[in-house]
Amino acid sequence: MKQNRFWAWVVFLMGAAYFVVPLVATFEFSLRMRRGYYSFDSYASVFSDPNFQATFSYSVMIGVFSILVGILIVVPAVYFVRLRMPWLRPFMEFFTLLPLIIPAIILVYGYLRLYNSSSIIPFTGSALGTDILLTFAYVALALPYTYRAVDTGMRTIDVQTLTEAAQIAGANTFQIIGQIILPNILVAVLSGAFLTFAIVIGEFVIASLLNRPAFGPYLQNIGANRAYEPAALAIISFILTWGAMGMINVLGRFAPRTSARTD
């Protein structure tokens, strides 16, 4: 047993070193902007860059709208499938996996062909339309994670009983979803929201091809033209992404521990 534990720790430490050592090296390099001294000059340069502030604010805004649209689409869909159309669930599982199978570059080229300025719905004909198109693209990219987070949360509650009780009390469908179902799966919804936010902050292909001033293309442009700032941005992006993942872990501790009927 002791020997097995020893080798388990060896494998764990090797795996941890594979991820931690490059991160530490990147952080150390980001501090070398001032020759001969360690400093946070590269971070100060990044935070003072107007393009950083503009692109990061833009991505946060698009991320918030993507989260809201995703919730408005996924929560009612999962609710109705579990309550009235359980036979549809395998198809939902399949279709929500498609964004993981279809490369983002193919997805965005399809959007450009379908919604260009000469089409019936010319989303790309204006900045607002392109922003809307980008938002729905991010909703599609995050759909596999949002759907599974909401579906998992929905399994922890008895949807049928809650719905019947609310209908007896005189609640309509919108009240049932918004005031009863959503508060009971709020932790799961927030988990999907943080995953969506992490995807939006780091996404490059779709934002670049739609020519939007997002944070992902900004990261690529800085990496192509400067030395120390890209390392600082890599650390900042890592903190943002893992901060979102950490929030999911924290919220998961407050998730209900009971299981509901799945039939």
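Please read all numbers here as calculations on a predicted model, not as lab measurements.

## Focus on the pattern of salt bridges
Proximity of charged atoms lets side chains of opposite charge pair with each other.
Step number 1: Counted under the stated rule, the structure contains 8 salt bridges.
Step number 2: As a salt-bridge pair, Asp151 and Arg82 come within 3.8 Å of each other at their nearest N and O atoms. One end of the pair, Asp151, is in helix 6 (residues 127-155); the other, Arg82, is in helix 3 (residues 50-83), and 69 residues separate them in sequence.
Step number 3: The buried category is assigned to Asp151, whose relative accessible area is 3%.
Step number 4: By relative accessible area, which is 16% here, Arg82 ends up buried.
Step number 5: Where Arg212 meets Asp131, a salt bridge forms, and the shortest distance between an N and an O atom there is 2.8 Å. Of this pair, Arg212 sits in the loop between helix 10 (205-209) and helix 11 (215-225) while Asp131 sits in helix 6, and the two are 81 residues apart along the sequence. Each member of the pair Arg212 and Asp131 is classed as buried.

## Digging into the packing of helix 3 against helix 6
Step number 1: In the contact formed by helix 3 and helix 6, the axes pass within 7 Å of each other and the chain directions differ by 45 degrees. Taken together, the axes of helix 3 and helix 6 lie oblique to each other. Crossing hand, helix 3 versus helix 6: right-handed.
Step number 2: When the residues that make up the contact of helix 3 with helix 6 are grouped by side-chain class, the tally is 17 nonpolar, 4 polar and 4 charged.

## Examining the packing of aromatic side chains
Step number 1: Within the structure shown, the criterion is met by 15 aromatic pairs.
Step number 2: Considering the side-chain rings of Phe47 and Phe52, the 5.4 Å spacing of their centres and the 85 degrees angle between planes classify their relative orientation as edge-to-face.
Step number 3: Phe47 sits in the partly exposed class, given a relative accessible area of 45%.
Step number 4: Aromatic side chains Tyr115 and Phe123 sit 5.2 Å apart centroid to centroid with 70 degrees between the ring planes, which places their arrangement in the edge-to-face category.
Step number 5: Here the aromatic residues Phe47, Phe52, Phe56, Phe215 and Tyr218 are joined through ring pairs into a cluster of three or more.

## Topic: the UniProt feature "transmembrane region" (unreviewed entry) in the chain
Step number 1: UniProt tags residues 7-27, 56-79, 91-112, 132-150, 185-210 and 230-251 as "transmembrane region" (unreviewed entry).
Step number 2: Along residues 56-79, the helical share is 100% and the strand share 0%, with 34 Å between the first and last C-alpha atoms.
Step number 3: Taken end to end, residues 185-210 is 85% helix and 0% strand, and its first and last C-alpha atoms sit 34 Å apart.

Cut-offs applied
- Residues numbered from 1 in each chain as written.
- Predicted model: local features only at pLDDT ≥ 70, side-chain atom pairs only at ≥ 80, totals over all residues.
- Heavy atoms only, no water.
- Salt bridge = Lys/Arg side-chain N within 4 Å of Asp/Glu carboxyl O.
- Helix = DSSP H or I, 4+ residues; strand = E, 2+ residues; numbered from the N terminus.
- Buried < 20%, exposed > 50% of the residue type's maximum accessible area, 1.4 Å probe, protein only.
- Axes fitted to C-alpha atoms, helices over the stretch in contact; angles between N-to-C directions.
- Parallel < 35°, antiparallel > 145°, perpendicular 65-115°, else oblique.
- Left-handed = near helix turned anticlockwise from the far one by under 90°.
- Nonpolar A, V, L, I, M, F, W, Y, C, P; charged D, E, K, R; others polar.
- Phe/Tyr/Trp six-rings, centres within 6.5 Å; stacked < 30°, edge-to-face > 60°.
- UniProt positions renumbered as here; feature names shortened; annotations may be inferred.

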